[in-house]
Amino acid sequence: MSSIRVFRSFVATAAHGSFAAASEQVSLTPAAVGLQIQTLEKDLGYTVFDRVGRSIVLNQRGHRLLPKARQLLALYEDMHNLELEQTELAGTVKMACIATAMGMVVRAVLRIREIHPRLNIEPGISYSGTLVSRIKEGDIDAAVSVRGAHKLPADVLYTQLYREPLVFIVNARTPRADPREILAQRLFLQVSRSSNTGTLIDEFMRRLHLRANDALEMNAMRTIIDMVKEDLGVTLLPLPRGTDWDRDPDLRIEYFDDPQAFRNIGLFESENRGFLTSVLREQLLALLAPQGHSG
């Protein structure tokens, strides 16, 4: 198959009428240009020039090929110098996000609006348990959510964004004791096990043999924290990025000395919508990049 260089030589020869003149434009010797034209004609299965003495002129097929060759070179230049223009991207991206990551997502959306004003990102808060299936079904295009243990569908892409430590959280007035002792005495405020976070915490507690005598399940981590601050119970939660729970005077945060005590937060995308959701991915990664380093 003929290369882009061969078509450049063909267009230059057609424009200048000789291999010698074309060679100066494409930075090859006249003999090399001649060999490329022979290669092109062999690949196509027909001649494109008539040789008349030392001169060459386009024949009928050559004239028909010339505009197509110019179009091919123009397309190649567009690909080679590909840069997204502000007006190139347009459309709507429907996405869902766990509540604790919404601030980061909104900051990314505001950046995207400046760069791509015709690209509309519609974020909404949703629990993590159903988000991957909603992407696969086409209900949403992307989601920032918790990475569960299940294998992802082939048409759903995943990009790791950050991880959050799992911590034991009690009211600051609670006497210090082993979490097992506290769980035996206090109400355990548990994230719903229908969510990826709830499943992750449940498996983590079983592995560490942490058992609660009395538990109450609920969906909103913010509500759980408010109840702990009122000393209505204790909890085990991920410490969300961007929150001030570890600085709240009404709370005491206890970390686990365990390499698996964390949850992964990432971006899930529909592969079919990647040409639009990739913009969101780039902005999220840029926001998370360390200061002074490129994203």
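The chain goes by LysR family transcriptional regulator in an unreviewed UniProt entry, where it is assigned to Achromobacter denitrificans. UniProt lists a comment for the chain under the heading Sequence similarities (unreviewed entry), and it reads "Belongs to the LysR transcriptional regulatory family."

Draft legend 1. Looking closely at the nonpolar core. Counting residues in each nonpolar core, the largest one holds 30 residues, and the members touching the most others are Phe 168, Ile 169, Leu 236, Leu 237, Trp 245 and Phe 256. In contact with Trp 245, other than residues within four places in its own chain, are Ile 169, Met 221, Arg 222, Ile 225, Leu 237, Pro 238, Leu 239, Pro 240, Leu 251 and Ile 253. By size, the runner-up hydrophobic cluster in this structure holds 26 residues, among which are Ala 108, Leu 119, Val 144 and Leu 284.

Draft legend 2. Region of interest: a nonpolar patch on the surface. Taken together, the side chains of Leu 75, Tyr 76 and Met 79 define a hydrophobic patch exposed on the protein surface, amounting to about 310 Å² of accessible area. Considering the arrangement of structural elements, one finds Met 79 in helix 4 (residues 60-80).

Draft legend 3. Up close: the pairing of strand 10 (residues 251-255). Where burial is concerned, most of strand 10 is hidden: 4 out of the 5 residues are buried. Sheet topology places strand 6 (residues 156-171) next to strand 10; 5 bridges connect them, and they run antiparallel. Each bridged residue has a counterpart across the sheet, and for Val 167 the counterpart in strand 10 is Tyr 255.

Reading the values: the criteria
What you see as residue numbers is a count from 1 along each chain, following the sequence as written. Reporting in this predicted model follows two pLDDT cut-offs: at least 70 for local features of residues, and 80 or more for side-chain atom pairs to be given and counted; totals over whole chains, interfaces and linings ignore these cut-offs and use all residues. As a rule here, side-chain values cover all heavy atoms of the structure and leave hydrogens and water aside. UniProt positions are given in the numbering used here, feature names are shortened, and annotations may be inferred rather than shown by experiment. Definition used in this section: a nonpolar core is a set of buried Ala, Val, Leu, Ile, Met, Phe, Trp, Tyr and Cys residues joined via side-chain atoms within 4.5 Å. Each residue's exposure class comes from its accessible area (1.4 Å probe, protein chains only) as a fraction of the maximum for that residue type: buried when under 20%, exposed when over 50%, partly exposed otherwise. Here, residues are in contact when the closest pair of their heavy atoms is within 4.5 Å. Residues forming no salt bridge and having over 30% relative accessible area are the ones grouped into patches, like charges within 9 Å of each other and nonpolar side chains (Val, Leu, Ile, Met, Phe, Trp, Tyr) within 5 Å. All accessible areas in this document rest on Shrake-Rupley with a 1.4 Å probe, and a residue is counted as covered only by the protein chains that are shown. Definition used for salt bridges: Asp or Glu carboxyl oxygen within 4 Å of a side-chain nitrogen of Lys or Arg. Only DSSP runs of H or I with at least four residues qualify as helices, and only runs of E with at least two residues qualify as strands; both kinds are numbered from the N terminus onward. Pairing between strands requires that DSSP locate at least two bridges from one strand to the other.

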